[in-house]
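Spelled out from the first residue to the last, the chains are:
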Amino acid sequence: MRLTTLGVSSHYPVPGAPCTGMLVEHGAVSVWVDAGPGTLAELQRHLALADVSAVWISHGHADHAADLLPTFYAYRYGHVGAPAAVTVLAPEEVRGRLTGFLGPASGPELDRVFAFDALGDGGRRRFGGMDLRWAAVRHDVPAFALRVEAGGASLVYTGDSAPCAALDQLARGCDLLVSEAGTDRREPGEPPVHLTPEEAGELAQRSGARRLLLTHLALGLDAAEAVRRASARFDGPVEAAVVSGSPMSVVLPTVDT
Ligand SMILES: [Zn+2]
C-alpha cells in the first residue's frame, strides 16, 4: 500500500501546499481521500483521473471537500476518459453542498458523474484488494475517520476529530496513523473539535500505532514543534507532512506502508 500526501494545509491552500488530501494505492486500486482545495491538481501529478477507483470524503468542510466541484467539471467536460460514474463516499450533506453551487437543476447531471454513497457509522467497502472501514468521529459537523487495509498493511486517517473512543478503536494496532493536529492549544471551555499535537501523540500511543504522520496542522503551528510535542506522548516515530519555515518549502512526502 502506498500513501501519497496531496495536501497538508488547514483552512486554505498556500503555494506548494494544498489543503488536506491524500492518495492511497494498492495494485490497480487508487482511492483519493479528501479533496481539499488544490488537491485535484496535485492528484494529477500521480494519477490519471480516469484511474481513480473511488473518492472518500471525511466531512463537508470546504478544506476537505471543495475540490469535488472542479472534479465534477473535469469528469463532465474534461474528456478525461472516466468509464462510468465515479464512486464518491461522503457524508450525506456533501451532495447537497455541490448542488448548492451548481444550481438546483444540477442533480441528475451530478449523479451521472458521481455515484454518491453516503457514509454511515461503521461502514465498509472493498475495492479490489483494498478494504475501507470508517467510523463517525467527533467534529462540529458529521465527520468520519478511515481505516484502510491492503497487502497486510493498515493505515488510519483521523479526518477532522477531537479525541474520541471511536478514533481509539479504529486506529488500534495500525501500521501508520495519519493524524490531524488542527488545534494548537485549546482555551478553557472551548469545545473540542480537533486534536492538539499532544493528543495526536496520545492517540497513537493508546492505539498501539507503529508510526505517526501529522497533517492538517493548526494555522501558525510550526511543523517541527508539532512533531516534538506529539513525540513527547508517543514512543514510535513521528513525522510531519510539512517542513517548518517558509510555506514555499513544504514537501509532500510519499510513504510506503
Ligand atoms: Zn473540519
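Criteria and thresholds
- Residues numbered from 1 in each chain as written.
- Predicted model: local features only at pLDDT ≥ 70, side-chain atom pairs only at ≥ 80, totals over all residues.
- Heavy atoms only, no water.
- Phe/Tyr/Trp six-rings, centres within 6.5 Å; stacked < 30°, edge-to-face > 60°.
- Helix = DSSP H or I, 4+ residues; strand = E, 2+ residues; numbered from the N terminus.
- Buried < 20%, exposed > 50% of the residue type's maximum accessible area, 1.4 Å probe, protein only.
- Salt bridge = Lys/Arg side-chain N within 4 Å of Asp/Glu carboxyl O.
- Donors = N, O, S within 2.8 Å, 3.2 Å for Na, K, Ca; no water.
- Tetrahedral: all angles 85-135°; square planar, octahedral: opposite > 155°, others 65-115°.

Novice: Please clarify how the packing of aromatic side chains should be interpreted in this entry.
Specialist: The relation between two aromatic rings is expressed through the spacing of the ring centres and the mutual angle of the planes. Throughout the structure, instances matching the rule amount to 5 aromatic pairs. Here the aromatic rings of Tyr75 and Phe114 are separated by 6.4 Å at their centres, their planes lie at 85 degrees, and the arrangement is edge-to-face. Taken together, the positions of Tyr75 in helix 3 (residues 68-77) and Phe114 in strand 6 (residues 114-118) put the pair 39 residues apart, joining distant regions of the chain. Classification of Phe114 as buried rests on a relative accessible area of 1%. Taking the centre distance of 5.8 Å and the plane angle of 85 degrees together, the rings of Phe114 and Phe116 count as edge-to-face.

Novice: I tried to follow the pattern of salt bridges on my own but got confused; where do I start?
Specialist: One side chain can pair with another of opposite charge once the charged atoms of both are near each other. Scanning the model with the defined rule gives 18 salt bridges in all. One salt bridge in this structure joins Arg124 and Asp131, with 2.9 Å as the shortest N-O distance. For Arg124, a relative accessible area of 49% corresponds to the partly exposed category. Accessibility expressed as a relative area gives 7% for Asp131, which makes it buried. Across the pair Arg186 and Glu199 runs a salt bridge whose closest N-O atoms are separated by 2.9 Å.

Novice: What is the right way to read the coordination of the zinc ion from this model?
Specialist: Only His59 (NE2), His61 (ND1), His139 (NE2) and Asp160 (OD) from the protein coordinate the zinc ion, and they sit 2.2 to 2.3 Å from it. With 4 donor atoms in place around the zinc ion and angles of 90 to 169 degrees between them, the coordination shape is irregular. As a motif over one chain, the donors of the zinc ion read H-x1-H-x77-H-x20-D. Taken together, the residues span a long stretch of sequence, with His59 in the loop between strand 4 (54-56) and helix 2 (62-65) and His139 in the loop between strand 8 (130-136) and strand 9 (144-150) at a distance of 80 residues. This pair shows no difference in class: His59 is buried, exactly as His139 is.

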